[in-house]
Structure formats: structure tokens, C-alpha cells
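Given next are the chains, with one letter for each unit.
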Amino acid sequence: MKALIIGCGIGGPVTAMALQRAGIDAEIYEAYTGTADTIGSFLNIASNGLDALRTLGAHREVMAAGIPTSDMVMWSGTGKRLGQVANGMPLADGTVSHTIMRADLYRTLCDQATARKIPIVYGKRLVDVVETAGAVVARFADGTEATGDVLIAADGIRSRTRRIVDPAAPGPRYSGLISFGGVVRDPAFTGTPGVYNLVFGKKAFFGYTVAASGETWWFANLPMAREPSRETLETTDWKPILIDAFRGDGNFSADVVRAGDIGRPYPVHDLPPLPNWHAGRVVLIGDAAHATSPSSGQGASLAIEDGLILAKCLRDLPGHAAAFREFERLRRERAERVVDYSRKISNSKAAGPVARVFRDLMMPLFLKKTASSDNLTWMYRYHIDWDSPMAAA
Ligand SMILES: Cc1cc2nc3c(=O)[nH]c(=O)nc-3n(C[C@H](O)[C@H](O)[C@H](O)COP(=O)(O)OP(=O)(O)OC[C@H]3O[C@@H](n4cnc5c(N)ncnc54)[C@H](O)[C@@H]3O)c2cc1C
């Protein structure tokens, strides 16, 4: 079997490595003309994502490029410490969630796929998919084609493949938040290394962690009821707006924003449930199938888990149709549960004045309950047993 993988973000290279381990050839086709060195900002790879990468022997390089971030401390906009919870659940050997620059994560995963001799072809933007008897053909914007037995769409939240296989499928759903992020180096902005500080400010949400190097990695979520147009996003001078949103908060958010570059603004989206994750010889994975807002810190980990489970299904089940059916059955409930969980957190960041008072009052109780009852075990203790054979339901 030969798999065509569309997209060399996170799910693409991981799936290719998992397929290789399952004895299935894969080629990756990426729209960009080179590795994503210029993509900004950072993300959290949760312990469950690292656990899945470990199965492929691909976790060490990722962890080496990131910062261990084991805990989260919540603050109110008045500067009151609301409580502390673990950021994920440590694995048996003590491995905790890591924070890593997005560009470093993409580069590390692509390097590992390349080192395993998996072909990655850049500058190949998928524009169409055609099924023939016994094969699937990917057509690219440059007029070239590739043929395989199955096509795995790891082409992200704005997946072109999703629209090709089901033009009626829902697209990204705006969460009411605009996200910014940056890195500053200033000894005034201190914090405990390994701790994410999350500040529910009066008008906007602020998060930061301090790297051992002394850099402060920060992000901000600015509530905005209507999604700004692309033109507004690109032409607005966001820095003074963001500084103003943090004015009067009892921490240094406004000063951090003032101190450096605030990066490109991202409206935060997720994806409503899709009617189907597969059609014929095509299957969607990662954000293409079930994008979650960043608030849960789980999107990358879900894409990684998808890659392993899909490879197991293709390894063990008779034919792609049975494999895709079982893959969707095994993954849909979990992915949609994370999307819902994340959406609730995003909503709390966009709370109005009354809800905000209630939230700040309830947060310590909520955190106490969360920290003590292990009720996120379902999310963080998801372990994939690579060797156990799959059987169709
Ligand atoms: C601001 C922000 C913060 C986030 N923070 C976190 C976090 O802390 N933790 C976390 O786990 N997740 C986070 N996420 C989500 C995470 O980035 C995604 O869930 C993850 O990248 C999904 O991986 P993927 O492989 O499905 O898609 P992507 O990583 O988006 O990769 C898709 C790839 O497909 C390529 N592509 C697209 N269209 C085509 C085409 N037509 N032809 C060929 N190639 C194509 C793209 O260029 C890209 O390389 C965040 C997202 C954002 C926007």
C-alpha cells in the first residue's frame, strides 16, 4: 500500500513515521516551498502527545527543543492568585508537558521524517482529488499529480481536501477571541521556569512562561464579538489596543506587550463536528477533521495520536474502508470531547463583566476540584498500545 499524505505540519510527518513502522509506504506533499521556519508563536505539547511520540521514538528531539511546563498558575485581573493546577499529567517516568516554538516543532518532526527516508515534496498545493478504479490521484496547483492507494489529509483547519470530499462540510467556527504572541527578554518579567501563568484580565486574557534562557514567552487572547475581516486584521495597529486592554490589570501584561513584537493576529477557530471523516480512499486527520481552539493545548497532541491510530488501523484491518471506519469510530468521541472542553475555556476568557466576577469567585473552587479529582485523566492518560492488534468493531 502507498499513502499520499497532504500537509507536512504536525499530523503529516507523524502519520508517515507511524505508517513506515507499520510497513506502509508514504509520501508527504506540502504546499509551502520549504520548512516552516518563519511560522511564529509557540504551543503546548501535552504529556499524552509526548507519550504518542515516544512510541515512534520521536519524543526526545521535541522535548530537547522545548521547555518543560509542568504547572499552571491562574491569576485574576486584580492580581489575586486564584490557584495552581498541573499542566497535564506526568507520564510514569516523570515526563511533563512541554512548550515549544511552533517552527521548532515543525522542523524537528520534518527532520525526523527525512532522517527515516520518508519523501517530503515541498511546493505541492493540493487543488483536487480524483478516484480511479483502485487508486486515488492528488492534483497539485503546479499541474503535477501523484497516485496512491489512499490519501490522508493532514492539511489543517482550512483543509482543501475536506471541501473537495464534502463541499457541504462545515468550515472553521470563530470563538470570539483574537490571539497574539511574542517573546521578550527583560529581567523585569520574571516567573518560575516550568510554570505557565494564566491571567484572567479584566478585558483580555494573558499567558506567559519564562524559559531557562531568561526569555518570557507570552500570548494574549483579546475578546472581539465579531470576527474582523482579513483587511482589518492586517491594517489595524493592534499593539495600542492590546496595551489598552491590559491597562489597570494587576500584573505586567501591558508592559510585556509594550516591550516587543506582538506577532501576527490569529482569530481563534475550532471546527464543528463533521458528518464524515472519510470518503472513498480519502481520510481526514488532525485539524482537518476536528480542529480544537488552542485553549485546551491539545490540538497538536490529537493530530499526533490520530497518526498512530490510523497507521494501526491500516496495518491490521482488511482494506482501507474498514480501516477508515474504525479510525473514525475510535477517534471521534475523544476529539469532539476535547473540542467542547476547549470551547468552554475559550468562552470563559471572553466573559462579560458580570460573568467575570462570578468566574473569579468560583475559580479557586473549580481549580481545587480539578486538581484533586483527576477528572482530566481521560484527556492526559490516553495511551496507545502500538503492539496490540486492532480488530474491527
Ligand atoms: C495561535 C494558536 C495556538 C495554538 N496552541 C496550541 C497549543 O498550545 N497546543 C496544541 O496542542 N495545539 C495548539 N494549537 C493547535 C495546533 O497548532 C493544531 O492543532 C495542529 O497544528 C494541527 O496539526 P495538523 O497537522 O492537523 O495541521 P497543521 O499543523 O496546521 O498542518 C497543516 C499543514 O498542511 C499544509 N497544507 C495546507 N493546505 C494544503 C494544501 N492544499 N496542499 C498541501 N499542503 C497543505 C500546511 O501548509 C501545513 O503545513 C494552536 C493553534 C493556533 C492557531
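Up top is the structure.
In this text, all values refer to a predicted model and were calculated from it rather than measured experimentally. (Residues numbered from 1 in each chain as written. Predicted model: local features only at pLDDT ≥ 70, side-chain atom pairs only at ≥ 80, totals over all residues. Heavy atoms only, no water.)

A few words on the overall build of the protein chain. For the protein chain, the helix and strand inventory stands at 13 helices and 19 strands. Taken over the C-alpha trace, the protein chain has a radius of gyration of 21 Å; the compact-globule value for 393 residues is 21 Å, and the two agree within 12%. Summarising its shape, the C-alpha atoms of the protein chain cover approximately 65 × 45 × 40 Å along the three principal directions. Per-residue burial for the protein chain yields a buried fraction of 54% across its 393 residues. A separation threshold of at least 6 residues defines the contact pool for the protein chain, and within that pool the share at least 24 residues apart is 72%. About 16,800 Å² of surface is accessible on the protein chain, with carbon and sulfur atoms providing 54% of the total. (Helix = DSSP H or I, 4+ residues; strand = E, 2+ residues; numbered from the N terminus. Rg over C-alpha atoms; globule rule 2.2 N^0.38 Å. Buried < 20%, exposed > 50% of the residue type's maximum accessible area, 1.4 Å probe, protein only. Contact = heavy atoms within 4.5 Å. Areas by Shrake-Rupley, 256 points an atom, 1.4 Å probe, with all protein chains shown as cover.)

Spatially, β6-β5-β14-β15-β16-β13-β17 is the arrangement adopted by the seven strands of the open sheet, whose pairing is mixed. Among the strands making up the open sheet, the edge pair consists of β6 (81-86) and β17 (266-270). Each adjacent strand pair in this sheet contributes to an overall mean axis angle of 25°, direction not counted. Of the pairings in the sheet, the one linking strand β13 (residues 173-185) to strand β16 (residues 215-223) comprises nine bridges and is antiparallel in character. Counted as the bridge partner of Gly 181 is Phe 219 from β16. (Pairing = 2+ DSSP bridges. Axes fitted to C-alpha atoms, helices over the stretch in contact; angles between N-to-C directions.)

A few words now on the sheet that holds strand β12 (residues 150-153). Read from one edge of the open sheet, six strands run β8-β2-β1-β12-β19-β18, paired in mixed fashion. A single partner strand is all that each edge strand has here, and the edge strands are β8 (120-122) and β18 (278-279). As defined by bridge partners, β12 adjoins strand β19 (residues 282-284) across three bridges and the pair is classed as parallel. Following the sheet pairing, Ala 153 is matched in β19 by Leu 284.

Describing an aromatic ring pair means giving the distance of the ring centres and the angle of the ring planes. Counted under the stated rule, the structure contains 13 aromatic pairs. Ring geometry for Phe 180 against Trp 238: centres 5.6 Å apart, planes inclined by 55°, an arrangement best described as tilted. Separated by 58 residues along the polypeptide, Phe 180 in strand β13 and Trp 238 in helix α7 (residues 238-246) bring together distant segments of the chain. Summarising the burial analysis for this pair, Phe 180 and Trp 238 share the class buried. Both rings, one in Tyr 208 and one in Phe 252, keep their centres 5.0 Å apart while their planes meet at 55°; by these two values the pair is tilted. Here the residue Tyr 208 occupies a position in strand β15 (residues 205-210), and Phe 252 occupies one in the loop between α7 and α8 (253-259), the gap between them amounting to 44 residues. Both residues of the pair, Tyr 208 and Phe 252, count as buried. Among the aromatic residues, those joined into a cluster by ring pairs are Phe 189, Phe 206, Tyr 208, Trp 218, Phe 246 and Phe 252. One cation-aromatic arrangement involves Arg 334 over Tyr 382; the distance from NZ or CZ to the ring centre is 3.9 Å. The ring centre of Trp 378 lies 4.0 Å from the NZ or CZ of Arg 337, which sits over that ring. (Phe/Tyr/Trp six-rings, centres within 6.5 Å; stacked < 30°, edge-to-face > 60°. Lys NZ or Arg CZ within 6 Å of the ring centre and 35° of its normal.)

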